[in-house]
Amino acid sequence: MSQAPAICTRGVTRDFTAGQQTITVLHGIDLDIRAGELTYLVGESGSGKTTMISIMCGILWPTEGEVKVFGTDIYELSDTELVEFRLNNIGFIFQQYNLIPAIDAASNAAVPLIAQGMDRHEARERAVEMMAKLNIADQADKLPNQLSGGQQQRVAIARALVHEPRLVVCDEPTAALDASSGRRVMDLLREVAVAEDRACIIVTHDNRVFDLADRILVLEDGKIIHDGTEMPEEH
Amino acid sequence: MIWIAIRMLTGDAQKFYGLVFGIAFSTLLITQQLTIFVNLLERGASGVYNVSSADVWVMDPVSRTTDVSYALPSTALDKVRGVPGVEWAVPHIRAQASVRTKSGDLEGVAVIGVDDATLIGLPKNMIEGSPDVLSQPDSVIIDDVGMTRMFPGQSPIGERLELNDQRAVIRGIADATPSFTSTVVLYTKYSQALNYVPGTRNRLSFVLVGAEDPSQAKALSEKIERETGLKAQTRDEFARDGVDFIIENTGIPLNFGITVALGFIVGVAIVGLTFSLFIRDNIKQFGALKAIGVTNGKIRKMVAAQAALVGFVGYGLGVLGTLAFIWSFSANPTFKGFYIPWQIPIISLVAVTLILALTGWLALRNVLKTEPAAVFR
């Protein structure tokens with residue numbers, strides 16, 4: 001297991017303004033995420049975990065602080081450079097999958113490659129290969145609404161991994177699944193998304209899968225209150 | 001990404017058809033109404049266009065159009081004939097009359113008296129019969145509007161009419177461009193027309209002039225004005241006056257303008273609403289694309305491609321609809337000769353482009369202001 005920091009945050013603070021009021025959601029977070037680990041970001045609703053993950057993957061600017069992803073200070077990049085950085089280095093698995101309903105599963109999985117400029121047919125072939133690793137190659141020609149929830153999630157995972165990103169970010173992947181399905185998804189993610197040169201962060205509050213994590217970070221009121229391999233007793 | 005954008009659009013069939021319908025409806029309304037407007041306006045010049053051989057029209061200075069004219073004294077004809085550069089000059093009378101058909105129906109008609117000797121003043125083409133029939137007693141030639149209106153489904157040839165208490169026999173059918181009001185027109189010889197229309201001291205409506213050099217018609221008209229004190233206009237000038245008269249004296253431009261504006265507004269409303277709904281339904285997907293790393297520039301191109309596809313299909317259907325309309329009514333004399341001037345599809349295209357640019361921009365604003373981080377919420 002590599003100990004090289006894939007993500008390094010220093011003094012990350014994020015404020016939101018609501019009317020006259022300014023709410024500080026994150027309070028100066030210092031954090032190192034290592035490659036080769038399955039890292040959970042855990043916390044109650046409103047603890048700041050969505051804000052934290054958004055900042056770590058370059059889609060939400062911190063009010064203060066520095067975020068380095070594989071050595072690149074991502075918020076020092078221009079807007080276009082940051083978008084390109086995300087496209088080339090980060091894979092996203094959204095809680096609601098956000099698949100495009102009008103294109104088939106393989107084309108959905110191929111979206112990052114198409115966005116990178118790869119020929120559509122070649123990108124689709126690569127996506128089918130990735131879907132084969134996830135055991136859903138036979139569903140490649142189906143539209144998202146012809147797939148079960150689990151199959152849609154695998155398509156979303158294929159889309160996150162097809163362009164071989166160095167950071168995979170996953171939002172509540174087991175929220176809509178029963179316990180055994182949730183564990184299967186986590187096993188699958190560990191199998192395909194965790195690698196020596198790749199970091200994988202999962203936002204979850206599903207205590208049924210806590211035992212599968214390499215590292216658990218607990219956020220509360222915008223601060224990391226626990227950093228370990230297991231959940232603390234009081235949670 | 002363009003392919004994905006197109007698939008996103010066509011995959012939502014309901015909204016795609018809604019957008020296409022909006023654009024097609026706007027295009028149809030704008031193109032069809034402008035086409036009718038322009039063709040109706042040109043009817044204001046039909047009296048001039050039906051007499052293709054006259055280079056210059058000479059009239060009383062207060063006369064404005066072929067239908068709004070003040071009679072000249074018969075001496076005007078000789079004055080005009082005496083102007084150098086005039087190859088020929090013939091009398092032309094246009095008057096209103098009432099006609100009673102065999103079945104007792106009453107119809108207001110226009111009586112046009114053409115030169116007895118040369119028959120100049122008749123339309124160029126005949127549908128049935130020949131111009132020579134006017135040499136027979138009490139002969140009139142009816143235009144195709146009259147044929148359809150007064151004798152639907154039957155031939156008018158040989159039919160007798162009571163024209164201002166005088167006997168008239170239809171012996172030919174002229175292929176003429178209908179007037180603005182689609183009034184029935186009866187052509188007869190000048191000398192015969194004087195019998196048909198009520199007597200006043202002066203009854204000569206126009207003097208039709210052929211120029212020795214038709215390319216110098218403008219100079220000839222100016223010379224005629226100088227030497228006779230009458231008003232003389234070239235064929236094109238007089239045709240233009242007929243069109244201007246309709247523009248200035250009827251509510252047609254305003255009414256058609258309102259309809260065209262409504263077509264534009266309805267297009268903006270339907271397309272704007274449907275486009276916004278489409279974007280709203282796909283906002284999560286657009287947000288996901290932005291998070292994944294699709295630039296705003298590519299998103300703009302995606303929305304532009306969607307708008308272009310809708311525009312291409314909708315505009316094509318709208319123009320085809322107008323063509324179908326013109327074609328399906330072409331047998332009706334009221335729409336006889338209607339055509340789509342090439343400028344009108346271009347105007348419609350500009351309107352459609354504006355509709356799509358406006359609605360696309362409004363829809364795009366929602367996409368562009370969507371934060372990628374919204375996909376995690």
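In this text, all values refer to a predicted model and were calculated from it rather than measured experimentally.

Trainee: Could you clarify how one ought to interpret the overall build of chain B in this entry?
Mentor: What chain B contains, in helices and strands, is 12 helices and 10 strands. Against the compact-globule benchmark of 21 Å for 377 residues, chain B has a radius of gyration of 29 Å, which places it well outside the compact range. Along the first, second and third principal axes, the C-alpha atoms of chain B reach 95 × 50 × 30 Å. Here chain B, with 377 residues, has 44% of them falling under the buried criterion. Taking the contacts inside chain B whose residues are at least 6 apart along the sequence as the reference set, 82% of them involve residues at least 24 apart.

Trainee: Sorry, what's going on with the domain arrangement of chain B here?
Mentor: How big an interface is tends to be reported as the loss of accessible area on association of its parts. Residues and elements named next belong to chain B. In terms of domains, chain B is made up of domain 1 (2–43 + 251–376) and domain 2 (61–229). In this assembly, 6 residues from domain 1 lie in contact with 8 residues from domain 2. Residue classes in the side of domain 1 that touches domain 2 are distributed as 2 nonpolar, 2 polar and 2 charged.

Trainee: Please clarify how unusual backbone geometry should be interpreted in this entry.
Mentor: Residue and element names in this part refer to chain B. Phi at Leu119 takes a positive value of approximately 60°, unusual for a residue other than glycine. You can see Leu119 is positioned in the loop between strand S3 (106–114) and strand S4 (125–128). Accessibility expressed as a C-beta count within 10 Å gives 18 for Leu119, which makes it partly exposed. A positive phi is found at Ser182, a non-glycine position, where the angle reads about 55°. Along the polypeptide, Ser182 turns up in the loop between strand S7 (166–175) and strand S8 (184–189).

Trainee: I'm lost on the sheet that holds strand S7 (residues 167–171) of chain A in this one. Help?
Mentor: To summarise the sheet geometry, strands pair through backbone hydrogen bonds and adopt either a parallel or an antiparallel arrangement. Residue and element names in this part refer to chain A. Spatial ordering of the open sheet is given by S6-S7-S8-S3-S9-S10, a layout of 6 strands whose pairing is mixed. Only two strands of the sheet have a single neighbouring strand rather than two, namely strand S6 (90–93) and strand S10 (223–228). Between one strand and the next, the sheet's axes are offset by a mean angle of 20°, whatever the strand orientation. Direction of pairing for S7 relative to strand S8 (residues 199–204): parallel, over a ladder of 5 bridges. If you follow Leu167 over to S8, its bridge partner there is Ala199.

Trainee: How do you make sense of the nonpolar core when you look at a structure like this?
Mentor: Looking at soluble globular proteins, one finds that nonpolar side chains tend to be buried together. The biggest cluster of nonpolar side chains holds 114 residues, and the ones touching the most others in it are A:Ala109, A:Ala127, A:Met131 and A:Ile201. The biggest single contributor to this core is helix H2 (residues 13–43) of chain B, with 9 residues. In contact with A:Ile201, other than residues within four places in its own chain, are A:Ile33, A:Thr39, A:Leu41, A:Ile53, A:Met56, A:Val169 and A:Cys170. If you look at the next biggest cluster of nonpolar residues, it comprises 58 residues, including B:Trp57, B:Ala89, B:Val145 and B:Phe238.

Trainee: Just checking my understanding: could you explain the sheet that holds strand S2 (residues 21–34) of chain A for this structure?
Mentor: Residues and elements named next belong to chain A. Taken in spatial order, the 4 strands make up an open sheet running S2-S1-S4-S5, and their pairing is antiparallel. Single-partner strands in this sheet number two, and they are S2 and strand S5 (72–73). Direction of pairing for strand S1 (residues 5–18) relative to S2: antiparallel, over a ladder of 10 bridges. The residue of S2 that forms the bridge with Arg14 is Leu26.

Trainee: Where do I start with the packing of H2(B) against helix H11 (residues 296–328) of chain B in this structure?
Mentor: When two helices pack together, their arrangement is given by the angle between their axes and by how far apart the axes lie. All names here are of chain B. For the pair H2 and H11, the least separation of the axes is 7 Å and the interaxial angle reads 40°. The pairing of H2 with H11 is recorded here as oblique in orientation. Between H2 and H11 the crossing geometry is right-handed. Across the interface between the two elements, Leu19, Val20, Gly22, Ile23, Ala24, Ser26, Thr27, Leu28, Thr31, Gln32 and Thr35 from H2 touch Val310, Gly311, Val313, Gly314, Tyr315, Leu317, Gly318, Val319, Gly321, Thr322, Phe325 and Ile326 from H11. The residue makeup of the contact of H2 with H11, split by class, is 12 nonpolar, 11 polar and no charged.

Trainee: In this structure, what is going on with the interface of chain B and chain A? I would like to understand it.
Mentor: In this complex, chain B contributes 21 residues to the contact, which on the side of chain A involves 24 residues. Secondary structure elements with two or more residues in the side of chain B that touches chain A: helix H1 (2–11) and helix H10 (283–292) of chain B. Among the elements that make up the side of chain B that touches chain A, the one with the highest residue count is H1(B) (6 residues). Partitioning the side of chain B that touches chain A into residue classes produces 12 nonpolar, 5 polar and 4 charged.

Calculation criteria
- Residues numbered from 1 in each chain as written.
- Chains lettered and ligands numbered in written order.
- Predicted model: local features only at pLDDT ≥ 70, side-chain atom pairs only at ≥ 80, totals over all residues.
- Helix = DSSP H or I, 4+ residues; strand = E, 2+ residues; numbered from the N terminus.
- Rg over C-alpha atoms; globule rule 2.2 N^0.38 Å.
- Buried ≥ 20, exposed ≤ 12 C-beta atoms within 10 Å, placed from the backbone.
- Contact = placed C-beta atoms within 7 Å.
- Domains from an automatic or database assignment.
- Nonpolar A, V, L, I, M, F, W, Y, C, P; charged D, E, K, R; others polar.
- Pairing = 2+ DSSP bridges.
- Axes fitted to C-alpha atoms, helices over the stretch in contact; angles between N-to-C directions.
- Core = buried A, V, L, I, M, F, W, Y, C linked by C-beta atoms within 7 Å.
- Parallel < 35°, antiparallel > 145°, perpendicular 65-115°, else oblique.
- Left-handed = near helix turned anticlockwise from the far one by under 90°.

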